[in-house]
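Secondary and tertiary structure notes
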2 protein chains.
Amino acid sequence: MATDQTRTAILNAAERLYADRGFGDVTLRDIVAAADVNLAAVNYHFGSKDELIAELFVTRSIATNRARLNELKAAEEAGGGRADIDAVLRALVGPTLRGCLGPERERSTAARFMIRASIEAVPPIRRIRNREIDHLRKFIAAMRRSLPGRSDVDLYWGLHFALAMAHQTIRDSERLTKLSEGLCDLDDVQGVIDRVVAVAAMALTEGETARKAPAKLVAQDARR
Amino acid sequence: MATDQTRTAILNAAERLYADRGFGDVTLRDIVAAADVNLAAVNYHFGSKDELIAELFVTRSIATNRARLNELKAAEEAGGGRADIDAVLRALVGPTLRGCLGPERERSTAARFMIRASIEAVPPIRRIRNREIDHLRKFIAAMRRSLPGRSDVDLYWGLHFALAMAHQTIRDSERLTKLSEGLCDLDDVQGVIDRVVAVAAMALTEGETARKAPAKLVAQDARR
DNA sequence: TTGCAATTCAAACATTTGTATGAAACTATG
DNA sequence: CATAGTTTCATACAAATGTTTGAATTGCAA
């Protein structure tokens, strides 16, 4: 097993197929056909389909988290231990957005696979994903250093919204393109990142409006 | 077929099961067991599994869209044809958030079903969902009336982000609760709506920052 | 080369799933 | 009551899918 070429071929083919078509309708036979290996190879090398998926996911999780943390660390070191909130948010959403958007050829299979994973949440993945919480806590900590005066609740919501916007932009880029008839340029990755970061940062730095908004105002009360 | 009770039982059981467990792992046999009807009844009454799903989805789509438009119309009439941007956004995200969050008993199966549908995007639904674009255009129009000076691109992004935050909050409410260790109260539906609306409105009304942010700033450039 | 372990392969298996069938039960109408 | 149309039911079918099996092949060390 000098080169593990069969294993690798399976991993690559599986990642690409899952990224393109989702977990729902990719069968082992699709994978082995794409990898040009025998059907039984998957069970021989990975044990089961679920274990194959799990291995893909842990590998990519580690890589994504490392990319995020590298960017965060670089920003904090440049700022002497405290990074600008924009930089923190950029480190959070940048890696995934860069991997998933942009002109066709630049998109990374790995990033698209991770998005699928976060969308479909198939059982073998759901079991693992709890660790992500710990990873996100590191960003909460960085945000706390960046905005010492801000309440934790606001930080949690800010991180949540930042991820929401980034995530949904990837997920539903097609709808946004159609809706805007091409006006919203999703190939301008840096522009998208700037937008997401700007809105999330605004939500985190603007006055307490988000928390003190009139709680009882519903549509019918709208001022005339 | 006086009461259509079999049809209705199937629809109810299917909606609940799909809302709870997703389309992926709910079989016709699960549905007929829950509805206490014969297996063949589904094909008899709906033709196929896909047609059953499609019927559920169109019914609920129409209802959701109507709820949104009612709230929008009420707000615009109260404002003499032009609603506050907050009210427009509230009409957009309110109905779904109210249906999906809040204390266990108040959640609506219908709303949760719609979220599933928007997440899993199973083929029979994907074919129909294009119509949603037309529905969202009505909100773009209302937003344009509310913020006449704003560029269309900003409006599209604002609507996109509002839906993203609302949607993701529903989808990943569990993660937010865990991450914040309960600090973020998702049972306070009105509070959540206020937050989402406030952030989206801020993104839409604040200066052109979102568009004029330094386009080349990446993490490594963060000011020291 | 020989022998042994690792790997690959074709084939088969056991389930699961959506759908189809034809008989039985039911309902309403004459 | 009788009959025609509708609905329900048990059962069967075909296709798809993850997994297993045992033989064949390969690679490498003695």
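Residues numbered from 1 in each chain as written. Chains lettered and ligands numbered in written order. Predicted model: local features only at pLDDT ≥ 70, side-chain atom pairs only at ≥ 80, totals over all residues. Heavy atoms only, no water.

On to helix α8 (residues 131-146) of chain B, then. Taking 1.5 Å per residue, 16 residues should reach 22 Å; α8(B) reaches 24 Å between its end C-alpha atoms and fits that length. If you check which residues of α8(B) are buried, you get I133(B), H135(B), L136(B), F139(B), I140(B), A142(B), M143(B) and S146(B). As for α8(B), its buried residues are in contact with α10 (173-179) of chain A together with α4 (49-78), α5 (85-100), α9 (152-171) and α11 (189-205) of chain B. (Helix = DSSP H or I, 4+ residues; strand = E, 2+ residues; numbered from the N terminus. Expected span 1.5 Å × (residues − 1). Buried < 20%, exposed > 50% of the residue type's maximum accessible area, 1.4 Å probe, protein only. Contact = heavy atoms within 4.5 Å.)

So, on to a negative patch on the surface. A grouping of E104(A), E106(A), D185(A), D187(A) and D188(A) is seen on the molecular surface, where their side chains present a negatively charged patch. Take D185(A): it is sitting in the loop between α10 and α11 (189-205). (Patch = residues over 30% accessible without salt bridge, like charges linked within 9 Å, V, L, I, M, F, W, Y side chains within 5 Å. Areas by Shrake-Rupley, 256 points an atom, 1.4 Å probe, with all protein chains shown as cover. Salt bridge = Lys/Arg side-chain N within 4 Å of Asp/Glu carboxyl O. Lys, Arg positive; Asp, Glu negative; His and termini not counted. Charge placed at Lys NZ, Arg CZ, Asp CG, Glu CD.)

A common measure of how large an interface is: the accessible area buried when the components associate. Residue and element names in this part refer to chain A. Here the domain parsing of chain A yields domain 1 (1-47) and domain 2 (57-207). Just the C-alpha atoms count here: the centres of domain 1 and domain 2 sit 29 Å apart. At the interface, 9 residues of domain 1 touch 9 residues of domain 2. Here domain 1 meets domain 2 over a buried area of about 820 Å², counting both sides, of which 58% is carbon and sulfur. Linking domain 1 with domain 2 are 2 salt bridges, by the criterion used here. Close ionic contact of R112 with D20 constitutes a salt bridge, the shortest N to O distance being 2.1 Å. Across the domain 1-domain 2 interface, the total number found is 6 residue pairs in polar contact (both at pLDDT 80 or more). (Domains from an automatic or database assignment. Buried area = accessible area lost by both parts, 1.4 Å probe. Polar contact = N/O pair within 3.5 Å; in protein donor to acceptor, adjacent residues only side chain to side chain.)

A few words on the environment of F139(A). All names here are of chain A. Its place among the elements puts F139 in helix α8 (residues 131-146). F139 gets classed as buried once you look at its relative accessible area, which sits at 0%. Note: C-alpha distance between F139 and A91 (48 residues apart in sequence) is 9.0 Å. Not counting the four nearest positions on each side in its chain, F139 is found in contact with R68, L69, L72, V88, A91, L92 and L159.

Let's shift gears to the packing of aromatic side chains. Evaluated as defined, the whole model comprises 6 aromatic pairs over all chains. A centroid spacing of 5.3 Å and a plane angle of 45 degrees characterise the contact between W157(A) and F161(A), whose relative ring orientation is tilted. Placement of both W157(A) and F161(A) in helix α9 (residues 152-171) is noted, with a separation of 4 residues, approximately one turn of the helix. Residue W157(A) shares its accessibility class with F161(A), and that shared class is buried. Considering the side-chain rings of F23(B) and F113(B), the 5.7 Å spacing of their centres and the 70 degrees angle between planes classify their relative orientation as edge-to-face. Taken together, the positions of F23(B) in the loop between α1 (5-21) and α2 (28-35) and F113(B) in helix α6 (residues 109-120) put the pair 90 residues apart, joining distant regions of the chain. A relative accessible area of 0% places F113(B) in the buried class. By way of ring pairs, the aromatic residues Y18(A), F23(A) and F113(A) are connected into one cluster. (Phe/Tyr/Trp six-rings, centres within 6.5 Å; stacked < 30°, edge-to-face > 60°.)

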